Amino acid sequence: MSGDRQMKKNDITEVYIEDFTKTGEGIGHIDGYTLFVKDALIGDRVRAVITRPKKHYAYAKALEITEPSPDRTGALCPCARQCGGCNFQEYSYEAQLRWKRRHVEQTLRKIGGFENLEVRDVLGMEKPFRYRNKAQYPVAEIRTKSGETEIAAGFYAGHTHYLVPVRDCLLTDRGDEEILDIILEHMRRFHVKPYDETDGSGLVRHILIRRGKRSGQILVCIIINGRNVPGMASLAEKLGQIEGMTSVSLNVNRKPGNVIMGDEIIPVLGDPWISDQLGDLTFRISPKSFYQVNPEQTEVLYGEACRAAGLTGRETVFDLYCGIGTISLRLAREAAEVYGVEIVPQAIQDAKQNARLNGIGNAHFYAGAAEELVVRGYFEEGVPLKKPDVVVVDPPRKGCDGKLLDTILKLEPRRIVYVSCDPATLARDLRILSDGGYRPEYVQPVDMFPQTSHVETVCLLTHS
Ligand code: SAH
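The structure reproduced in this document is the subject of the present report.

About the cut-offs
Residues numbered from 1 in each chain as written. Predicted model: local features only at pLDDT ≥ 70, side-chain atom pairs only at ≥ 80, totals over all residues. Heavy atoms only, no water. Axes fitted to C-alpha atoms, helices over the stretch in contact; angles between N-to-C directions. Helix = DSSP H or I, 4+ residues; strand = E, 2+ residues; numbered from the N terminus. Parallel < 35°, antiparallel > 145°, perpendicular 65-115°, else oblique. Left-handed = near helix turned anticlockwise from the far one by under 90°. Contact = heavy atoms within 4.5 Å. Nonpolar A, V, L, I, M, F, W, Y, C, P; charged D, E, K, R; others polar. Pairing = 2+ DSSP bridges. Near = heavy atom within 4 Å. Polar contact = N/O pair within 3.5 Å; in protein donor to acceptor, adjacent residues only side chain to side chain. Areas by Shrake-Rupley, 256 points an atom, 1.4 Å probe, with all protein chains shown as cover. Core = buried A, V, L, I, M, F, W, Y, C linked by side-chain atoms within 4.5 Å. Buried < 20%, exposed > 50% of the residue type's maximum accessible area, 1.4 Å probe, protein only. Domains from an automatic or database assignment.

Once that is clear, we can look at the packing of helix α1 (residues 93–112) against helix α9 (residues 423–435). Geometry of a packed helix pair, given as the angle between the helix axes and the separation of the axes. Running from amino to carboxyl end, α1 crosses α9 at an angle of 45°, the nearest separation of the two axes being 8 Å. With respect to each other, α1 and α9 are oriented oblique. When you trace α1 past α9, the crossing you get is right-handed. Residue-level inspection shows His103, Val104, Thr107, Leu108, Ile111 and Gly112 of α1 in contact with α9, the latter providing Pro423, Ala424, Leu426, Ala427, Arg428, Leu430 and Arg431. Here the contact of α1 with α9 is composed, by residue class, of eight nonpolar, three polar and two charged.

Attention shifts here to the sheet that holds strand β22 (residues 415–420). Here seven strands make up an open sheet; going across it, the order is β18-β17-β16-β21-β22-β24-β23 and the pairing mixed. What marks the edges here is a single partner per strand, and that holds for β18 (363–367) and β23 (438–446). When the angles between neighbouring strand axes are averaged without regard to direction, this sheet yields 15°. With eight bridges connecting them, β23 and strand β24 (residues 456–463) associate as antiparallel partners. Note on β24: the bridge partner recorded for Tyr438 is His463. Across the sheet, α9 lies against β22, β23 and β24, angled at about 165° from β22, the strand it touches most.

Around the ligand sit 17 residues, and of these Gln292, Tyr302, Glu342, Ala370 and Asp394 come closest. One of the side-chain nitrogen or oxygen atoms of Gln292 is found 2.9 Å away from an oxygen atom of the ligand. Between the ligand and Glu342, the relevant distance is 2.7 Å, taken from an oxygen atom to a side-chain nitrogen or oxygen of the residue. When isolated, the ligand has an accessible area of 570 Å², and the protein chains bury 90% of it. Those elements that place two or more of their residues in the shell around the ligand are α5 (326–332) and α7 (370–376).

Before going further, it helps to examine the nonpolar core. Ile179, Ile183, Val220, Ile222, Leu239, Leu331 and Val417 are the most contacted members of the largest nonpolar core, which totals 93 residues. The element that contributes the greatest number of residues to this core is strand β11 (residues 218–224), accounting for seven residues. Residues from two domains meet in this core; each of domain 2 (134–275) and domain 3 (294–463) gives at least three. What Ile222 contacts, discounting residues up to four positions off in sequence, is Ile183, Val204, His206, Met232, Leu235, Ser249, Leu250 and Asn251. With 35 residues, the next largest nonpolar core counts Leu108, Tyr366, Ala370 and Leu461 among its residues.

So, on to the side chain of Gln96. Assignment of secondary structure puts Gln96 in helix α1. Note on Gln96: relative accessible area 0%, which makes it buried. Of the polar contacts made by the side chain of Gln96, one reaches the backbone oxygen of Phe88; its length is 3.1 Å. Setting aside its immediate chain neighbours within four residues, Gln96 contacts Phe88, Tyr91, Pro450 and Gln451.

Here it is in structure tokens:
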């Protein structure tokens, strides 16, 4: 058979799964034709149906596992298949960690051209479930099996806007179910409609629940296509009876599209933020500020980032993409000065408050895009940038802006610590830094997202 055997929609074939894509689909080959198979694990042999054929590859879905992978474990969550969240849940935890290490290594090689860069074993969790401190549940009207409509909260099935009702996700806190039930029941009683993205009608879009895992505090923010929820005072009162409920607020988002939160927060009960502790530091966290979702592993991650920074107390440090200052304040205790930069103004307000809360006077925070503030050469007008000894970057998945990397190279810090949540953009950016004279010493993956294919890493670069 030829190397490019074209397959047709609904063709059924048997295939052995050799690897995963970075989004967790199984990869198999038939006569040189690549199949991306949903619901299949490395080591499975499956009978799969072609769902979207292309010229040299096709998307498919496993119908039956004819020979299970030795790493296959049963899924614990009844929604694991439909809900796109836990694409690794049926894969044993040891196998997940092995795959993540290999994935980082291969991506650094393929995209960055790094052949011999040391990728350490992934630092995993002892209990890799119920680790999340935050969930954003979309709310929608769904059709039940008996044909009636019903209001539900849950998660979108992978790559769709089809709502899978989930009230007790195994990655989140058990208590979320009670909160969701109270809000959904209130919506029924007061005839509050969920938002309908097809025509922009309806009110309630998402429910954000965030917990301080150490402090025990809970924040609920209801994201609405309006400014008020009928009967909100009585809803807040009910929610307020839950132990730890510190903050109930509304967020106004009238814009169509996928961005979950709008700009305006309307406090309803308590202040619109909660506090939590990481290590021996306390942090205030507002609804729109970024806060790592797995606090247990965050301590591991930050420990690695600080170790890589190698501070002695005399250094000037930049912490770019600093969020609410969680890494900055930890570094500040071991450095002379820390300058944190972050694009979300509310997160910078939190960061400044967090410095005060912890009595840390040598951390300074600035709101703006890192690529603008660092590239222009000053954080405050008239005060040129001090030359940093260490630069820490922790960008979102798209990685660092090229202009920012060029400027960091010109600033010539002794060390760069790159914290990344996407190995592909890490590989791209390490190539730029490496060509600019920095040597990546090692990459340490940390499993922040068990049961999913996401990987977080810390990489130390030194001036060579
Ligand atoms: N280091 C922090 C935050 C990491 S997440 C922590 O560990 O909690 C990445 C952060 O980068 C987010 O807070 C996001 O708002 C911010 N961000 C995104 N684009 C940015 C940009 N261009 N410049 C500065 N910050 C940015």
